[in-house]
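# Chain and residue survey
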Amino acid sequence: MMKKLGSESKDNLNYKVYFEERKLLVDAAREGARSFDKTILALASGAFGLSLTFIKQISPNIKSEIVCLLICAWVCFCISLLSTLISFLTSQSACLKQIEILEEEHLNNQSNHDKETNLKNMASDYTQRLNILSISAFIIGVIFLAIFSISNLLP
C-alpha cells in the first residue's frame, strides 16, 4: 500500500510540474503573438509614413514608369495591416472555441478519435494563416518600397 501511495504522489508532483511548465509556455506563446501583432502593425504603418515622406521631401519628382512599385508596396502594406487586424478577431474566436473544446473533453471524456473529428479549432488555423499572410505581405511590401526608393534616388 505504501508503494502505491508514493507512486500516486510522485505522479501528482509530475503533473504539477508539467502543468506549471505548460502554463509558462502558453503565456510565452501568448506574449509572442501579442508582440508579433504590435510589431507588424507598427512596421507596416511606419512604412506607409516613410513612403509618403520619401515622396514629399526626398524625391518629389517620381519616375512615372516605376509608380506601380509604390502602389504594389502600399497594397502589400494594406494587406499586412488588414490581415493582422482580422487575426485579432479570429484569435478571440479561437480562444473561445478552445474553451469549448476543453469543456467538451473534460465533461464527455471523449476518445482521441472523436477529438480529431468533432473538436477542430478552425479559427486557430485561420489565425495562423492570417499571420503568415501578414508577414509575407509586409516583406514583399518592403521589397517593393526598397526597389522604388532606390530607383528614384539613382539618376
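Residues numbered from 1 in each chain as written. Predicted model: local features only at pLDDT ≥ 70, side-chain atom pairs only at ≥ 80, totals over all residues. Heavy atoms only, no water.

## What about the side chain of S80?
By the secondary structure assignment, S80 is in helix 2 (residues 67-108). With relative accessibility at 0%, the residue S80 sits in the buried group. Those residues in contact with S80 that sit more than four places away from it in its chain are I40, A44, S134, A137 and F138. (Helix = DSSP H or I, 4+ residues; strand = E, 2+ residues; numbered from the N terminus. Buried < 20%, exposed > 50% of the residue type's maximum accessible area, 1.4 Å probe, protein only. Contact = heavy atoms within 4.5 Å.)

## Looking at the state of the cysteines
Applying the stated criterion across every chain, the model contains zero disulfides. C76 forms no disulfide, and the closest cysteine sulfur to it belongs to C72, at a distance of 6.7 Å. In this structure C76 comes out as buried when scored by relative accessible area, which is 11%. (Disulfide = S-S within 2.5 Å.)

## Digging into the environment of A42
By the element assignment, A42 lies in helix 1 (residues 2-58). Sequence separation of A42 and L81 is 39 residues, and the distance between their C-alpha atoms is 9.2 Å.

## Points about the environment of N152
In this structure, N152 sits in helix 4 (residues 122-153). Judged by relative accessible area, which is 9%, N152 ranks as buried. Note: C-alpha distance between N152 and N61 (91 residues apart in sequence) is 8.3 Å.

## Some details on the packing of aromatic side chains
Taken as a whole and judged by the stated rule, the model has two aromatic pairs. When the ring of F48 is compared with that of F77, the centres are 5.8 Å apart and the planes differ by 65°; the resulting orientation is edge-to-face. Of this pair, F48 sits in helix 1 while F77 sits in helix 2; the two residues are 29 residues apart in sequence, bridging distant segments of the chain. Among the residues examined, F77 registers a relative accessible area of 0% and is labelled buried. A network of ring pairs unites the aromatic residues F48, F77 and F138 as a single cluster. (Phe/Tyr/Trp six-rings, centres within 6.5 Å; stacked < 30°, edge-to-face > 60°.)

## Observations concerning the confidence of the model for the protein
Considering every residue of the protein, the mean pLDDT works out to 80; 86% of them sit at 70 or more. When pLDDT is averaged over each element of the protein, helix 4 comes out on top at 91 and helix 3 (residues 112-118) at the bottom at 50. (pLDDT = per-residue confidence, 0-100.)

## Brief notes about the nonpolar core
Among soluble globular proteins, nonpolar side chains are generally buried collectively. In this structure, L70, F77, F138, L145 and F148 are the most contacted members of the largest nonpolar core, which totals 15 residues. Among the elements of the structure, helix 1, helix 2 and helix 4 are those that each provide at least two residues to this core. (Core = buried A, V, L, I, M, F, W, Y, C linked by side-chain atoms within 4.5 Å.)

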